2 protein chains.
Amino acid sequence: MEARTLYGAIEAGGTKFICAVADADLQIIDQVRIDTTVPAETMSQVKDFFSQYEVVSFGVGSFGPIDVNHDSDTYGFITKTPKQGWANYDFVGDLTRWFGKPVGWTTDVNGASLAEYTSGAAEGANSCLYLTVGTGVGGGFTINGDIYHAFGHPEMGHIHVHKHPNDTFEGACPFHGDCLEGLVSGPAIEKRVGIKGADISPDHEVWDYVAYYLGQAIASYSLVLAPERVVIGGGVMHQEHLLDRVKEQVIVALNGYVTLPPIDQYIQLPKLGDNAGITGALLLAKDTVEA
Amino acid sequence: MEARTLYGAIEAGGTKFICAVADADLQIIDQVRIDTTVPAETMSQVKDFFSQYEVVSFGVGSFGPIDVNHDSDTYGFITKTPKQGWANYDFVGDLTRWFGKPVGWTTDVNGASLAEYTSGAAEGANSCLYLTVGTGVGGGFTINGDIYHAFGHPEMGHIHVHKHPNDTFEGACPFHGDCLEGLVSGPAIEKRVGIKGADISPDHEVWDYVAYYLGQAIASYSLVLAPERVVIGGGVMHQEHLLDRVKEQVIVALNGYVTLPPIDQYIQLPKLGDNAGITGALLLAKDTVEA
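Residues numbered from 1 in each chain as written. Chains lettered and ligands numbered in written order. Predicted model: local features only at pLDDT ≥ 70, side-chain atom pairs only at ≥ 80, totals over all residues. Heavy atoms only, no water.

### A short note on the domain arrangement of chain A
It is common to give the size of an interface as the accessible area lost on bringing the parts into contact.
All names here are of chain A.
Right, on to step 1. Here chain A is described as being made up of domain 1 (7–110 + 274–290) and domain 2 (123–270).
Right, on to step 2. Centre-to-centre separation of domain 1 and domain 2, based on C-alpha positions: 26 Å.
Right, on to step 3. Counting residues at the interface gives 11 residues for domain 1 and 16 residues for domain 2.
Right, on to step 4. Between domain 1 and domain 2 the total buried area reaches about 970 Å² when both faces are included, carbon and sulfur atoms providing 61% of it.
Right, on to step 5. When the buried area of domain 1 at its contact with domain 2 is split by residue, Val68, Val109 and Asn110 rank highest and sum to 57% of it.
Right, on to step 6. At the surface where domain 1 touches domain 2, the tally comes to 0 salt bridges.
Right, on to step 7. In the side of domain 1 that touches domain 2, the residues fall into 6 nonpolar, 4 polar and 1 charged. (Domains from an automatic or database assignment. Contact = heavy atoms within 4.5 Å. Buried area = accessible area lost by both parts, 1.4 Å probe. Salt bridge = Lys/Arg side-chain N within 4 Å of Asp/Glu carboxyl O. Nonpolar A, V, L, I, M, F, W, Y, C, P; charged D, E, K, R; others polar.)

### Quick notes on the relation of the copies chain A and chain B
Right, on to step 1. Under the fitted operation, chain A is carried onto chain B by 0.0 Å of movement along the axis and a turn of 180°, and the coordinates agree to an RMSD of 0.0 Å. The transformation relating the two chain copies, once decomposed into turn and shift, fits a two-fold axis. Residue His162(A) of chain A places its C-alpha closer to the rotation axis than any other residue of that unit, at 2.0 Å.
Right, on to step 2. Looking at the interface residues of chain A, 100% of them are also at the interface in chain B, so both copies use one shared face. (Least-squares fit on C-alpha atoms with pLDDT ≥ 70 in both.)

### Considering the nonpolar core
Right, on to step 1. Membership of the largest hydrophobic core comes to 92 residues, with the highest contact counts inside it found for Leu180(A), Tyr221(A), Ile232(A), Leu180(B), Tyr221(B) and Ile232(B).
Right, on to step 2. The residues touching Leu180(A), leaving out its near neighbours within four places in the chain, are Val137(A), Gly157(A), Ile159(A), Val161(A), Ser185(A), Tyr213(A), Leu214(A), Ala217(A) and Tyr221(A). (Core = buried A, V, L, I, M, F, W, Y, C linked by side-chain atoms within 4.5 Å. Buried < 20%, exposed > 50% of the residue type's maximum accessible area, 1.4 Å probe, protein only.)

### Let's talk about the pattern of salt bridges
Right, on to step 1. All chains considered together, the criterion is met by 22 salt bridges over all chains.
Right, on to step 2. The residue Asp264(A) makes a salt bridge to Lys247(A) at a minimum N-O spacing of 2.8 Å. Of the two residues, Asp264(A) sits in helix H8 (residues 263–266) while Lys247(A) sits in helix H7 (residues 242–254), which places them 17 residues apart along the sequence.
Right, on to step 3. Residue class for Lys247(A) comes out buried when judged on its relative accessible area of 9%.
Right, on to step 4. The salt bridge involving Asp167(B) is made with Arg192(B); its shortest N-O contact spans 2.8 Å. (Helix = DSSP H or I, 4+ residues; strand = E, 2+ residues; numbered from the N terminus.)

Have a look at this one:
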C-alpha cells in the first residue's frame, strides 16, 4: 500500500517504450524498457508495469503524429503512423480505462522540450525549441512553462527549405521528397552517401549540406517562433563538428535581420541527453494534476 | 470632464498612423489619421490628439521590428527600421512619460491577428495566424486569446522557401534576396514583371510563382505553429484569383502529412479589412488593464 504521491510516465518511442514511476520530487523509483512491437503486446506490458503502483497521474510523450486537440473525437490517439498496428490507436483512452487517472498527452519531442526548459540547456529562458535530428527530424516547443499545442502539435521537421545550389539529391521523405527531414535525417544522409552517417568523414561535403539546411531551418523557426533557446539533439548531432557549423549557417541565413541571444547561448546541445524524454513525461504528469 | 472608461489605440504604420479613442464597448468615439514622417512631428500630433481625453490605457500595433522583450533595456522601442528617424525610437517610453498609463505594445500584424481572432475570420478558433502580403510580408499570431511573443515577436515574412524549378528571379529582399518577402511582396512582383501587380493579368506566370511560394510558406507555418485559422490580407491578396490558388498549393506542399481544418475554413481573407489594425490595438488596450 502506497501512501506517497507517485507519478507515472511513458516515453513512447518507435523502437522502445520507457515506463517510469517517480515520487513527488520526480525521483524515479522504478523503470522498465519495453520493445515497441504491436499495441496488444507492448501495451499489456505497460499495463502490467503500472498495475504495481497507485499513481496519481500519467504523462505520455509519444511518437506521432498524434491527436492533441481536446475537441476532437480522436483526442489521445496516435493517428497516421506507418508503424504497424499503431495507426488510430487510442493511447489515452486505454490508459484512462485501465487506471482512471488523468493523462498528460503530448509528442516525444514536446516532452523533451519541457524537460530541457525546466532543468536542461534552456533553464532560465522563457521558451525552448527542442529539435531532434536522427531517424526522423522533429521539433517540440515549450513556452512560459507550457508545452505548445494549437489546433495540433508542431511537425516542424517537414518544413520546406531553399535547396543548396550545388545539391542535386532528390531527398528521402516519402511525403515531401526534399523537405528538411528528407535532406538531413540519418536515413537521408545514408541514402545520399551510401554509408552510415557515423562512418562518414567530417570533411565530406554532405556535412556542408546538412549544416546549410539545419541552419536555414533554425533561421526559419527563429523567424516564426522567436524562441529564447534552441536545443538540438538526436543521433546526427553526435557528429561533434556539426554544432558550430549549424550556428554559422543560422547567422548566414538570418543575416542580422532579427536580434537573437548570443549564438552559443541560443543554440545548444541537450543537457539531459537520453533522459530528456522520460523527464519531460514525468513533468507533464505532475503538471497535469497541478494545472 | 470624462467619467466613462476610455481606451486609446494607435495603429502605427510606415505610411500613416491611425489614432483612436473608444469607450468601454470599444466603440470608437474619435479617430484621426496622421502621416508618418519623423517621430518629432508625427508623435507630437499623437500627443495632441490623446491629450483631449483621459484614457485608462493604450494599445499600440506598430511597424517594426520592435522590441517586445520586457527584460530588455530597449523594451518598447522600434529597433532596426530603415525608416528615417524611427530606428531606436522609444515609443512606449514617450507614451508613458506623456500620459502615465499602461501601454500594450505589439506589432501591427499581431494586432490584426488579435482582431481577426476576436471578431473576424478566426472567431471561435483557438488560434489565428494573420499574414499580410503587401509592401512587405509579415505575420502575427494569437493563441488562446493572447498575442504570441517569446524572446521576440514573429518576423515570419522572411522565411526561406524552396525555389520553384523554373524560377530564376534573384528576389528583392535587401537582407535575404529570395526569401518569401523577396519573392512575393508587391515591390518584388513589380521588380520581376516590370509593372505594378494591380496591372498584371491573372494568367501571367508570376501568379503561379506567388501562389507556389505562399502555399509553401503557409505549409511551413502550419507545420511549426499548427494554427486553427490562417487569415491572409494585404494588397497583393486583392488579386481575387489568388486565394484559391494559394489554398491548392498549401495542399500540394503538405501532401496529406498533417490534419488541417477544411481548407476553406482554414485559410480565409480578413473579415475586418482595413479596421483590423485599429481594432486589434483597442483590444490590446483593454487586455492591458484587464490582465
